[in-house]
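This is what each chain is made of:
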Amino acid sequence: MFSPNKPLEKKNSVSRFIYREHTFLGRQQLLSLIYYTLHITLVTVVFLPKAIASSRVFFVVVMFLLQAVAIFSFLGYLKRWVRLSVSLRFIIYSVHLVISLQMIYISAANVDLLTGLHKTFMMANITLMVLNVVLSIMACQRHDPLVLSLLSLVVYAACAFITHDRWFEILAAVVTITFLLLGLLGSSLVWSTRKIENENIALKKEDEELFAIFGLSREQVKAYVKLAEQEMSDDKVAAVFDILGKNAQKNVMVNMKRYFYAKRFSEEAIGKAVPNLTPSEKEVCRLVMQDRKLGDISRILHKNESNITTIRSNVRRKLGLKPGDDLKKSLWHIIEVAGCSRDKFKE
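This is a predicted model, so every value here is computed, not measured.

S.K.: I'm lost on the overall build of the chain in this one. Help?
M.R.: Looking only at helices and strands, one finds 15 helices and zero strands in the chain. Residues classed as buried in the chain amount to 36% of the 347 residues present. By sequence separation, contacts in the chain at least 24 residues apart represent 59% of the contacts at least 6 residues apart. Here the chain has roughly 21600 Å² of accessible surface; of this, 63% comes from carbon and sulfur atoms.

What follows is the structure, encoded as structure tokens:
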């Protein structure tokens, strides 16, 4: 069975047809329209000859009209005469109307005596109503589950009023609770599904805009993440670099070389200006001079804030700073006195 969230298989004509809708909800609704059309056609082929043979004019007319609605709705969507949601809503309500007319017809034709067979037909139609509400939930039609449930209760009440049969009174509580719960919960589920779909569309749009800004594809971003999160064998690194492409490979190498050169040069300049600093103290000084806050330094160096505070205190002590002296300004002054320009230091 086809699933609307499976990836597109271009070799499959059914997939190509379903994926003319670009969203999950659109594909779900298109599948529902196809199911409705096929099921109505199947019911017409099976039961129409029997209705004609038994001269049941009402059922013959109803089946012809329902089949016409199914064909018109499907063709209307194919030709883009109407939107998919409109076509689907038209066919769903038509099915519900036909079921309702059957129930009212049976009730009106058997006012005096509702036999066991008639009650079986009634129960079958109530079951079909429930099924139609469930299908409207699967089709993600907004408000339709609740509206169809309320219509079902109105039809049920009308049948009870026409026949005055206690059978309807006995089942009234169960039928009412079933349709109300189905309508309320179904509408809530459809609302949540649509909200998730809208959020998903917004996230995809943001991703596409972000990829466009950096000039990268999704696969290239994944490749960068793989390079960053773990060590890999030479074969895996080669495979990841193949995904990046030659231009991206060159940019990675140039940027990493520039970063490590700047880091090494900065720490060497600090070490030259203040020879008695430890490697950890040089790293903290470099980040302080980049105007990094305490939390940022702690995150970058993977150390807790109290540890960073202790290192800063040691640096201030070695520089001979007073409590009111600014550490960043003092470091820049020492670097400039040592003969290193700010521009070169920031490269």
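S.K.: Please clarify how empty space enclosed by the protein should be interpreted in this entry.
M.R.: Unfilled space is identified by rolling a water-sized probe across the atoms. Per the counting criterion, the structure on display carries one cavity of 30 Å³ or more. Approximately 30 Å³ is the volume attributed to the largest cavity. When contributions to the lining of the largest cavity are tallied by element, the ones reaching two or more residues are helix H10 (246-273) and helix H14 (327-337). For the lining of the largest cavity, a count of residues per class yields seven nonpolar, no polar and no charged.

S.K.: Got a minute to help me understand a nonpolar patch on the surface in this structure?
M.R.: Taken together, Ile71, Phe72, Leu75, Leu78, Trp81 and Phe90 make up a surface patch of nonpolar side chains, about 600 Å² in accessible area. Looking at the nonpolar patch, the element that brings in the most residues is helix H3 (residues 57-78), giving four residues. Locating Phe90 in the fold gives a position in helix H4 (residues 84-109). Accessibility expressed as a relative area gives 40% for Phe90, which makes it partly exposed.

S.K.: Is there a simple way to explain H3 in this structure?
M.R.: Two residues of an α-helix separated by three or four positions point the same way, owing to the 3.6 residues in each turn. Taking 1.5 Å of rise per residue, 22 residues should cover 32 Å, and H3 covers 32 Å from first to last C-alpha, within 8% of that figure. Within H3, burial applies to Phe59, Val60, Val62, Met63, Leu66, Gln67, Val69, Ala70, Ser73, Phe74, Gly76 and Tyr77. Considering only its buried residues, H3 is in contact with helix H1 (13-18), helix H2 (24-53) and H4. Taken from the residues just after H3, Arg80 is the one with a positive phi, measuring 65°.

S.K.: Just checking my understanding: could you explain the confidence of the model for the chain for this structure?
M.R.: Low-confidence regions, as indicated by low pLDDT, have predicted coordinates that should not be scrutinised in detail. For the chain, per-residue confidence averages 81 on the pLDDT scale, and 81% of positions sit at 70 or higher. The least confident element of the chain, judged by mean pLDDT, is helix H15 (residues 342-345) at 53; the most confident is helix H6 (residues 144-163) at 92.

S.K.: For this particular structure, what's the right way to read the packing of H4 against H6?
M.R.: To characterise two packed helices, one gives the angle between the axes of the helices and the distance between these axes. Taken N-terminus to C-terminus, the directions of H4 and H6 make an angle of 10°; their axes are 9 Å apart at the nearest point. As the angle between them shows, H4 and H6 are arranged roughly parallel. Contact residues: Arg89, Ile92, Tyr93, His96, Ser100, Met103, Ile104, Ser107 and Ala108 in H4; Asp144, Val147, Leu148, Leu151, Ser152, Val155, Cys159, Ile162 and Thr163 in H6. Across the contact of H4 with H6, the residue classes tally to eleven nonpolar, five polar and two charged.

S.K.: Looking at this structure, how should I read the pattern of salt bridges?
M.R.: A side chain with one charge may pair with a side chain of the opposite charge, provided their charged atoms come close. Under the counting rule described, the total for this entry stands at six salt bridges. Of the charged contacts, one joins Arg166 and Glu169 as a salt bridge, the two residues approaching to 3.4 Å between their closest N and O atoms. Taken as a pair, Arg166 and Glu169 lie in helix H7 (residues 166-214) at a separation of three residues, close to a single helical turn. On the basis of relative accessibility, which here comes to 52%, the residue Glu169 falls in the exposed class. In this structure, Asp291 and Lys328 form a salt bridge, with 3.5 Å as the shortest nitrogen-oxygen distance. With Asp291 in the loop between helix H11 (279-289) and helix H12 (294-301) and Lys328 in helix H14, the pair connects residues that are 37 residues apart, well separated along the chain. Note on Asp291: relative accessible area 45%, which makes it partly exposed.

S.K.: Sorry, what's going on with the packing of aromatic side chains here?
M.R.: The relation between two aromatic rings is expressed through the spacing of the ring centres and the mutual angle of the planes. Summed over all chains, the structure comprises six aromatic pairs. The interplanar angle of 85° and the centroid separation of 6.2 Å between the aromatic rings of Phe72 and Phe90 together place this pair among those described as edge-to-face. Placement of Phe72 in helix H3 and of Phe90 in helix H4 is noted, with a sequence separation of 18 residues between them. Each residue in the set Phe58, Phe59 and Tyr105 is aromatic and connected to the rest through ring pairs, giving one cluster.

Reading guide: rules and limits
Residues numbered from 1 in each chain as written. Predicted model: local features only at pLDDT ≥ 70, side-chain atom pairs only at ≥ 80, totals over all residues. Heavy atoms only, no water. Helix = DSSP H or I, 4+ residues; strand = E, 2+ residues; numbered from the N terminus. Buried < 20%, exposed > 50% of the residue type's maximum accessible area, 1.4 Å probe, protein only. Contact = heavy atoms within 4.5 Å. Areas by Shrake-Rupley, 256 points an atom, 1.4 Å probe, with all protein chains shown as cover. 1 Å grid on protein atoms, 1.4 Å probe; cavity = no way out; pocket = protein on both sides within 12 Å on 5 of 7 lines; lining within 4 Å. Points joined across faces, edges and corners; volume = space filled by probe spheres on them. Nonpolar A, V, L, I, M, F, W, Y, C, P; charged D, E, K, R; others polar. Patch = residues over 30% accessible without salt bridge, like charges linked within 9 Å, V, L, I, M, F, W, Y side chains within 5 Å. Salt bridge = Lys/Arg side-chain N within 4 Å of Asp/Glu carboxyl O. Expected span 1.5 Å × (residues − 1). pLDDT = per-residue confidence, 0-100. Axes fitted to C-alpha atoms, helices over the stretch in contact; angles between N-to-C directions. Parallel < 35°, antiparallel > 145°, perpendicular 65-115°, else oblique. Phe/Tyr/Trp six-rings, centres within 6.5 Å; stacked < 30°, edge-to-face > 60°.

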